[in-house]
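# Structural description and commentary
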Amino acid sequence: MSVLHRIQAIDSHTAGEPTRLVIAGAPELGDGSLAERLDRLRTQFDDFRSAVVNEPRGSDVIVGGMLCEPQDPRCDIGVIFFNNVGYLGMCGHGTIGVVATLAWLGKIQPGEHWIDTPVGAVKTTLHPSGAVTVTNVRSYRAAQHVPIEVPGYGIVTGDIAWGGNWFYLVDHHNQQLDLQHVESLTEFTWAIRQALESQGICGDDGKIIDHIEIFAPPVSPQADSRNFVLCPGKAYDRSPCGTGTSAKMACLYADGKLSPGELWRQEGILGSIFQGCIEVRDDGVYPSITGNAYITAETTLILDSTDPFVAGIRT
């Protein structure tokens, strides 16, 4: 006999990038920090992650989120983010999607709401307009002008920075940042990702640099920069990337090109824009990102134990 398990989720998109937030049917992860519970999810319940975001129920682009009880006493709720290949420390667009979803469900009202994540607590503000501001964890540049030999492309130089995930940020290249060149952009940034790993270039504590971000002048006169971000599972970010914009602003501050409170408008590959700024406290840079999320579906995922792809299609 087949056994059916139902997972309730709300889908949204933030500046074009989808989020699927599980609101019921997730595994019980016990107590402890969000980082400890993420590790439990990874080691004991990874089929759940894959079933939620991978085909045939999802796609390579979807970022999943799982609501949890927070450990940090400041926080209203906790969330663990995951994608088609693994787990994320933090997700800027996803956090905007979480706040918009909680508002859709009538669980929060405009105002400040703290959210616990595996990399620390973040403050969010739901504005009366529906826009959401996320004040991220401390962000910083770990290394500047790091050259790597990228097969087929030669020497590429970039900065290594933390914005809730690890990024390699490249300003100088010969790529054209538009949708017509997504395939070549993916090939280029994936080659960078592979070169970083093969040459042993990492973030702090040997962490894999799993996000590649390249920049060009903006198309919109309302933006300061355009980016293309390759995510860990080889899908490109449809939004301007919240953690990537955080990493970028940390680098700009380190270069003396962005002052606290000064507005930075980051345009993504679709032309959507995140507005950002930084505050500096306790000798650290704390970026804020503002954007909008829109609910796209209320769905029940059905996991049938007799389905050969019940745990999703892993690639």
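Heads up: these notes are all about the structure in this document. (Residues numbered from 1 in each chain as written. Predicted model: local features only at pLDDT ≥ 70, side-chain atom pairs only at ≥ 80, totals over all residues. Heavy atoms only, no water.)

### Brief notes about the overall build of the protein
Looking only at helices and strands, one finds five helices and 17 strands in the protein. Scaling as 2.2 N^0.38, a compact globule of 315 residues should have a C-alpha radius of gyration of about 20 Å, and the protein matches this with 19 Å. Overall size of the protein, expressed as C-alpha extent along the three principal axes, is 60 × 45 × 35 Å. Within the span of the protein, comprising 315 residues, buried residues form 56% of the whole. In the protein, of all internal contacts separated by at least 6 residues, the share reaching a separation of at least 24 is 62%. In the structure as shown, the protein presents an accessible area of about 13500 Å², 49% of it carried by carbon and sulfur atoms. Counting 22 positive and 37 negative side-chain charges, the protein places the centres of these two groups 1 Å from one another. (Helix = DSSP H or I, 4+ residues; strand = E, 2+ residues; numbered from the N terminus. Rg over C-alpha atoms; globule rule 2.2 N^0.38 Å. Buried < 20%, exposed > 50% of the residue type's maximum accessible area, 1.4 Å probe, protein only. Contact = heavy atoms within 4.5 Å. Areas by Shrake-Rupley, 256 points an atom, 1.4 Å probe, with all protein chains shown as cover. Lys, Arg positive; Asp, Glu negative; His and termini not counted. Charge placed at Lys NZ, Arg CZ, Asp CG, Glu CD.)

### Brief notes about the state of the cysteines
As used in these notes, a disulfide is a covalent bond between sulfur atoms, one from each of two cysteines. A complete count under the given rule lists zero disulfides for this structure. Here Cys202 stays free of any disulfide, with the sulfur of Cys251 as its closest cysteine sulfur at 17 Å. Summary of cysteine pairing: Cys241 is not part of a disulfide, and the nearest cysteine sulfur, belonging to Cys231, is at 6.1 Å. For Cys241, a relative accessible area of 4% corresponds to the buried category. (Disulfide = S-S within 2.5 Å.)

### Things to note about the layout of surface pockets
Of the volumes computed, that of the largest pocket is approximately 610 Å³. Looking at the largest pocket, it is lined by 23 residues, and the ones nearest its centre are Arg42, Tyr87, Gly89, Lys207 and Asp210. Secondary structure elements with two or more residues in the lining of the largest pocket: α1 (34-44) and β5 (87-88). For the lining of the largest pocket, a count of residues per class yields 12 nonpolar, five polar and six charged. (1 Å grid on protein atoms, 1.4 Å probe; cavity = no way out; pocket = protein on both sides within 12 Å on 5 of 7 lines; lining within 4 Å. Points joined across faces, edges and corners; volume = space filled by probe spheres on them. Nonpolar A, V, L, I, M, F, W, Y, C, P; charged D, E, K, R; others polar.)

### A word on the packing of aromatic side chains
Enumeration according to the criterion identifies six aromatic pairs in this entry. Where Tyr140 meets Trp166, the ring centres are 5.9 Å apart and the plane angle is 90°; that geometry is what we call edge-to-face. Taken as a pair, Tyr140 in strand β9 (residues 140-150) and Trp166 in strand β11 (residues 166-170) lie far apart in primary sequence, 26 residues in all. When its relative accessible area of 6% is taken as the criterion, Trp166 is described as buried. Taken together, a centroid distance of 5.3 Å and an interplanar angle of 55° make the contact between Trp162 and Trp166 tilted. The class of Trp162 is buried, set by a relative accessible area of 16%. The aromatic ring of Tyr236 is capped on one face by Arg238, whose charged end is 3.8 Å from the ring centroid. (Phe/Tyr/Trp six-rings, centres within 6.5 Å; stacked < 30°, edge-to-face > 60°. Lys NZ or Arg CZ within 6 Å of the ring centre and 35° of its normal.)

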